[in-house]
Amino acid sequence: MPDSQSPTASGLPTRIDTSVAHEARVYDYWLGGRDNYPADRALADTIAAHIPAIRTMARANRAFLGRAVDYLTREAGITQFLDIGTGIPTAGNTHEVAQRLNPAARVVYVDNDPIVLAHARALMSSNPQGKTAFIHADLHDPHGILREESLGATLDLTQPVAIMLVAIMMYFRDEDNPHGIIENLLDAVPSGSYLVISHPTADFDERAMSRVVDSAEHAGITFYPRTHAETETLFAGTELVEPGVVPVVTWHPAPGDPPADPESAWYWAGIGRKP
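Residues numbered from 1 in each chain as written. Predicted model: local features only at pLDDT ≥ 70, side-chain atom pairs only at ≥ 80, totals over all residues. Heavy atoms only, no water.

A.B. asks: So what about the overall build of the protein? Which residues, and what values?
C.D. replies: Tallying secondary structure elements over the protein gives 11 helices and eight strands in all. Here the C-alpha radius of gyration of the protein, 17 Å, is about what a compact globule of 275 residues would show, namely 19 Å. Seen along its three principal axes, the alpha-carbon backbone of the protein occupies a region of about 45 × 45 × 35 Å. Put simply, the protein has 275 residues, and 50% of those count as buried. In the protein, the share of contacts with a sequence separation of at least 24, taken over all contacts with a separation of at least 6, comes to 72%. In the protein, 20 side chains carry a positive charge and 35 a negative one; their mean positions are 6 Å apart. (Helix = DSSP H or I, 4+ residues; strand = E, 2+ residues; numbered from the N terminus. Rg over C-alpha atoms; globule rule 2.2 N^0.38 Å. Buried < 20%, exposed > 50% of the residue type's maximum accessible area, 1.4 Å probe, protein only. Contact = heavy atoms within 4.5 Å. Lys, Arg positive; Asp, Glu negative; His and termini not counted. Charge placed at Lys NZ, Arg CZ, Asp CG, Glu CD.)

Below you can see the structure in the form of structure tokens.
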């Protein structure tokens with residue numbers, strides 16, 4: 001793993017700037033992690049003042065990631081995952097869920113936060129039969145991700161891959177061409193691959209979410225919630241797995257889970273299959 005103070009092939013900064021909030025560290029704070037700083041906690045607490053249940057919502061989104069990987073591994077037979085916008089390692093990382101079900105599963109993680117780079121060893125603690133890798137890169141440059149040597153060394157792009165975009169596309173405005181970014185990723189993988197997306201929305205409380213947007217933007221973080229219809233368009237070119245794009249807590253709930261209030265977590269979520 002590169003030294004945390006040295007440059008990487010991506011050209012992204014590797015110094016951790018603790019004076020400004022970063023989305024991965026804000027999310028880590030909501031999940032009860034320790035890898036966050038006063039600027040991150042200040043923004044997280046400001047957002048929590050507008051959405052008191054934000055920590056529960058963050059955990060619900062994280063739980064969706066686990067259910068999605070479980071479904072793809074167990075039901076769809078997927079053995080390869082490209083997890084972009086990984087975030088700081090916590091319980092139930094993609095490779096842990098996948099390799100628990102299939103020890104030979106392979107995972108490539110991608111994130112642009114230097115603190116995630118510093119934790120890359122935890123993300124690469126693979127089962128011996130499988131393989132994991134970490135790429136310090138930015139989704140704004142999907143071609144750069146696809147050109148990374150470690151991607152090709154870990155995943156076989158002639159075989160189906162699950163592209164994981166869990167709570168990441170809200171950092172892209174329409175003018176950032178999120179549809180083009182996703183299209184580039186899908187073009188690189190074969191038929192039978194899958195696309196996983198969860199996305200915050202203002203559909204459940206427009207006023208509260210507008211305050212969250214203002215707080216994030218004031219802290220220098222782009223935050224662009226999307227409607228149900230807008231989130232569905234991100235899956236263009238794929239066939240949605242039933243039940244389609246739905247509230248995150250209602251997508252394939254775990255057996256035995258009590259019925260959840262669909263509006264208890266303000267994310268849309270779904271999985272699409274590349275035909």
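After presenting the structure, the write-up continues.
A.B. asks: Residues and numbers for the packing of helix α1 (residues 23-30) against helix α3 (residues 54-74), please.
C.D. replies: Relative to each other, α1 and α3 sit at 105°, their axes nearing to 9 Å. Of the possible angle classes, the one that applies to α1 and α3 is roughly perpendicular. Packed against α1, whose contacting residues are Y27, Y29 and W30, the element α3 presents I54, R55, A58, R59, N61 and R62 at the interface. A class-by-class count of the residues in the contact of α1 with α3 yields five nonpolar, one polar and three charged. (Axes fitted to C-alpha atoms, helices over the stretch in contact; angles between N-to-C directions. Parallel < 35°, antiparallel > 145°, perpendicular 65-115°, else oblique. Nonpolar A, V, L, I, M, F, W, Y, C, P; charged D, E, K, R; others polar.)

A.B. asks: Just give me the short version of the nonpolar core, but keep the residues and values in it.
C.D. replies: Of all hydrophobic cores here, the largest spans 88 residues; its most connected members are L72, F81, L139, M164, L165 and I271. In this structure I271 touches A68, Y71, L72, Y194, L195, V196, F235, E239, L240, V241 and W251, once residues within four positions along its chain are discounted. (Core = buried A, V, L, I, M, F, W, Y, C linked by side-chain atoms within 4.5 Å.)

A.B. asks: Break down unusual backbone geometry for me, citing the residues and quoting the values.
C.D. replies: In this structure, the amide linkage connecting E242 to the following residue, P243, adopts the cis form with an omega of 10°. The topology assignment puts P243 in the loop between β6 (239-240) and β7 (246-247). Positive phi, normally seen in glycine, also occurs at N177, with a value near 60°. Assignment of secondary structure puts N177 in the loop between β4 (162-166) and α9 (178-187). Of the residues examined, N177 reaches a relative accessible area of 44% and is grouped as partly exposed.

A.B. asks: Please give an account of the environment of Q129 that cites residues and values.
C.D. replies: Along the chain, Q129 falls in the loop between α6 (120-123) and β3 (131-136). Residues within four places of Q129 in sequence aside, it is in contact with P103 and A104.

A.B. asks: Report on the environment of S19, specifying residues and quantitative values.
C.D. replies: Tracing the backbone shows S19 in the segment before α1. Between the C-alpha atom of S19 and that of K274, which follows or precedes it by 255 residues, the distance is 41 Å. Polar contacts involving the side chain of S19 include one to the side chain of D17, which spans 2.6 Å. (Polar contact = N/O pair within 3.5 Å; in protein donor to acceptor, adjacent residues only side chain to side chain.)

A.B. asks: An account of the pattern of salt bridges is requested, with residue identities and associated values reported.
C.D. replies: Tallied over the entire structure, the rule returns six salt bridges. Here D40 ties to R25 by a salt bridge, and the two come within 2.8 Å at their closest N and O atoms. Highlighted residues: D40 in helix α2 (residues 38-50) and R25 in helix α1, separated in sequence by 15 residues. Pair check on accessibility: D40 and R25 agree, each one buried. With its nearest N and O atoms 2.9 Å apart, the salt bridge here joins R173 to E217. Residue R173 is found in the loop between β4 and α9, and its partner E217 is found in helix α10 (residues 206-218); the two are separated by 44 residues along the sequence. R173 sits in the partly exposed class, given a relative accessible area of 26%. Each of the salt bridges in this network shares a partner with another, and the network as a whole consists of R25, D40 and D113. (Salt bridge = Lys/Arg side-chain N within 4 Å of Asp/Glu carboxyl O.)

A.B. asks: Outline the packing of aromatic side chains, supporting the account with residue identities and numerical values.
C.D. replies: What the rule picks out here adds up to four aromatic pairs. For the pair F64 and W251, a centre-to-centre distance of 5.7 Å together with 90° between the ring planes defines the contact as edge-to-face. Of this pair, F64 sits in helix α3 while W251 sits in the loop between β7 and β8 (267-273); the two residues are 187 residues apart in sequence, bridging distant segments of the chain. Looking at F64, the relative accessible area reads 0%, which means it is buried. Centroid distance Y171 to F223: 6.4 Å. Interplanar angle 70°. Geometry classified as edge-to-face. You can see Y171 sitting in the loop between β4 and α9 and its partner F223 sitting in the loop between α10 and α11 (228-233), a full 52 residues away along the chain. Classification of F223 as buried rests on a relative accessible area of 12%. (Phe/Tyr/Trp six-rings, centres within 6.5 Å; stacked < 30°, edge-to-face > 60°.)

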